[in-house]
Amino acid sequence: VANELGIADILNNGSKTVGEIASLTGTLEDPLYRILRLLASEGIFRESKNKRFLNTRVSESMKQEELKFFIQHTLNSMQFRIFGELMHSVRTGRRSSELFVETGVFEHMGKSQRLNDLYNKAMTNISKMQVAAILSSFSFSKFKHVVDVGGGLGFFISALLSKYENMQGTLFDLPQVIDDPQKLPDLNSFADRLKTVSGSFFDTIPANGDLYTLKNILHGWNDEDCIRILGNIRKVMNPGGSLMIIEVVVEGLNKPSWGKMSDIFMMAGLDGRERTYEEFKSILNQAGVRFEQIRKTVSPLSLVIAAPK
């Protein structure tokens, strides 16, 4: 609630009383105070005398330019319904979200401008946190043409083009994501080196890339769908080309792992999964692609690198 109300941005220039915050957010002072008091007790915001609140290092992450949209996407009311029915996934092997969303979740979001925009802003939020870790872990200098498959609003491909001035890029995603140029203002400076192509990775994928990247894509799909996506990339890859899957790799026995938590989210919501090293090798092999190496980053993400067989 505090995140959706944008309170971290309201407190960006200093503290405010709960009355001032309530007035700016169109809420009632008493219930809002009780929520903020609780959050402050956990280090999210800080309360001072006279019911004044200010940001903390933790609440700073709730700003629009940080993780506001990712938090809103992850903690919306639909997610609580999905996890409330987690037993359905355990007993049937199917996503519990099917109890509320008959079509796939991505199809459901695609029919709603609001949900689609929120999802794309959420993915841009998370990309901002991840990209520095990716670029510091691997040199992309040998690749002349990178195709970012399912690249959303283009934050990752634009980061690559910013760092590597001789690189050409292709941003590929669904029409509702990239066909509106107003959604992609940050890409204008790369107009001579970047093209956008709309379509579905279940159909055809742009050809002639030296490197095809899939960042946080495959974990949303089951093995059969992943093999189909990878197979479509394999068809258009140059013989000497490379494929990079940028995702969490699930750690071994008893090790704490972001992937083990995210995996339940994928199971319940999307019929997807986070994968182990061996599971990545398996789907790559079945798609006609040869696993080469895994590079860890300082973030939870790893770079799974492969090439055509």
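Shown above is the structure to which this text applies.
First things first, this report covers the structure right here in the doc. As a convention, each chain's residues are numbered from 1 in the sequence order in which they are written. Whole-chain, interface and lining totals are the exception, using all residues; otherwise, since this is a predicted model, local features are given only for residues with pLDDT of at least 70 and side-chain atom pairs are given and counted only at 80 or more. Side-chain numbers here rest on the full set of heavy atoms in the structure, without hydrogens or water.

## Things to note about the overall build of the protein
Of regular secondary structure, the protein possesses 13 helices and 10 strands. Relative to the globule expectation of 19 Å for 309 residues, the C-alpha radius of gyration of the protein, 21 Å, shows essentially globular dimensions. Considered along the principal axes of its C-alpha atoms, the protein spans approximately 70 × 50 × 40 Å. Throughout, exposure labels follow a simple rule: accessible area from a 1.4 Å probe, protein chains only, divided by the maximum for the residue type, with under 20% read as buried, over 50% as exposed, and the rest as partly exposed. Considering the protein as a whole, with its 309 residues, one finds that 49% of them fall into the buried category. Here, residues are in contact when the closest pair of their heavy atoms is within 4.5 Å. Sequence-distant contacts in the protein: of pairs separated by 6 or more residues, those separated by 24 or more amount to 62%. For accessible areas, the Shrake-Rupley method is used with a probe of radius 1.4 Å. Any residue's cover is judged against the shown protein chains and nothing else. Entry remark: accessible area of the protein is about 15,900 Å², with carbon and sulfur atoms responsible for 52%. Only DSSP runs of H or I reaching four residues or more are called helices, and only runs of E reaching two or more are called strands; each is numbered from the N terminus. What the globule rule says is 2.2 Å times the number of residues to the power 0.38, and the radius of gyration is computed from C-alpha atoms.

## Some points on the environment of Gly252
Residue position: Gly252 is located in the loop between strand E8 (242-248) and helix H12 (258-270). You can call Gly252 partly exposed: its relative accessible area is 37%.

## Some thoughts on the sheet that holds strand E2 (residues 46-48)
Each pair of strands is called paired provided DSSP finds at least two bridges between the two strands. With antiparallel pairing, 3 strands are arranged side by side in an open sheet as E1-E3-E2. Only two strands of the sheet have a single neighbouring strand rather than two, namely strand E1 (16-17) and E2. Of the strand pairs in this sheet, E2 and strand E3 (residues 52-54) are connected by 3 bridges, and their pairing is antiparallel. By the bridge assignment for E3, Arg46 is matched with Leu54.

## Observations regarding the side chain of Ser89
Position of Ser89 relative to the elements: it lies in helix H6 (residues 86-92). Counting of polar contacts relies on pairs of N or O atoms within 3.5 Å, with two restrictions inside protein: one atom must be capable of donating a hydrogen and the other of accepting it, and residues adjacent in sequence are counted only when both atoms are side-chain atoms. Here Ser96 takes part through its backbone nitrogen, which lies 3.1 Å from a polar atom of the side chain of Ser89. When residues no more than four places from it in sequence are discounted, the contact partners of Ser89 are Arg94, Arg95, Ser96, Met267 and Ala268.

## Overview of the packing of helix H8 (residues 113-135) against helix H9 (residues 155-163)
Orientation is described by lines fitted to C-alpha atoms, with helices fitted over the stretch in contact, and by angles between N-to-C directions that extend from 0 to 180 degrees. The geometry of H8 relative to H9 is characterised by a closest axis approach of 9 Å and an angle of 35° between their N-to-C directions. Taken as a pair, H8 and H9 cross one another with a handedness that is right-handed. Counting all contacts with H8, which are made through Thr124, Ser127, Lys128, Val131, Ile134 and Leu135, the residues of H9 involved are Phe155, Phe156, Ala159, Leu160 and Lys163. Gly counts as polar in this scheme, as do all residues outside two lists: the nonpolar Ala, Val, Leu, Ile, Met, Phe, Trp, Tyr, Cys and Pro, and the charged Asp, Glu, Lys and Arg. Here the contact of H8 with H9 is composed, by residue class, of 7 nonpolar, 2 polar and 2 charged. The hand of a helix crossing depends on one turn: near helix anticlockwise from the far one by less than a right angle means left-handed, and clockwise means right-handed.

## Some remarks on unusual backbone geometry
Although it is not a glycine, Phe45 adopts a positive phi angle of roughly 75°. Among the structural elements, Phe45 can be located in the loop between helix H3 (29-41) and E2. Residue Phe45 is classed as buried on the basis of its relative accessible area of 1%. A positive phi angle, near 65°, is found at Asn254, a position not held by glycine.

## Quick look at the pairing of strand E9 (residues 289-296)
Alignment of E9 against strand E10 (residues 301-308), held across 7 bridges, turns out to be antiparallel. If you follow Arg295 over to E10, its bridge partner there is Leu303. Counted along the chain from E9 to the antiparallel partner E10, the turn is 4 residues long.

## Describing the side chain of Arg95
Structurally, Arg95 is set in the loop between H6 and helix H7 (105-110). Working convention for charge: Lys and Arg count positive, Asp and Glu count negative, and His plus the chain ends are omitted. Note on definitions: salt bridges are taken to be side-chain nitrogens of Lys or Arg within 4 Å of carboxyl oxygens of Asp or Glu. Summary of buried charges: Arg95 has no salt-bridge partner, and the nearest side chain of opposite charge, Glu98, is 5.2 Å away. Side-chain polar atoms of Arg95 contact the backbone oxygen of Thr103, separated by 2.9 Å.

## Points about the layout of surface pockets
Buriedness for pockets is judged along seven lines, at least five of which must meet protein on both sides within 12 Å for an open set on the 1 Å grid over protein atoms alone, while cavities are sets there where a 1.4 Å probe fits but cannot get out, and lining residues have an atom within 4 Å of a point. Grid points are joined across faces, edges and corners, and a volume is the space filled by probe spheres set on the points. There is about 1,000 Å³ of room inside the largest pocket. Among the secondary structure elements, those contributing two or more residues to the lining of the largest pocket are helix H4 (68-74), helix H5 (77-84), H7, H8 and H12. There is about 600 Å³ of room inside the second largest pocket. What lines the second largest pocket is a set of 32 residues, and nearest its centre among them are Phe106, Tyr119, Gly150, Asp173 and Ile217. Taken together, the elements giving at least two residues each to the lining of the second largest pocket come down to H7, H8, H9, strand E5 (168-173) and helix H10 (175-178). With 7 residues, the top contributor of residues to the lining of the second largest pocket is H8.

## Side note on the sheet that holds strand E4 (residues 145-149)
Here we have 7 strands laid out as an open sheet, ordered E6-E5-E4-E7-E8-E10-E9, and mixed in their pairing. This sheet does not close on itself; its edge strands, each paired only once, are strand E6 (194-198) and E9. Strand-to-strand twist in this sheet, taken as the mean axis angle between neighbours without regard to direction, amounts to 20°. Pairing of strand E7 (residues 211-215) with E8 involves 5 bridges; the strand directions are parallel. In the strand pairing of E8, Tyr212 is matched with Leu243. Here helix H13 (residues 277-286) sits on the sheet and contacts E8, E9 and E10; the angle it forms with E9, its principal contact strand, is near 150°.

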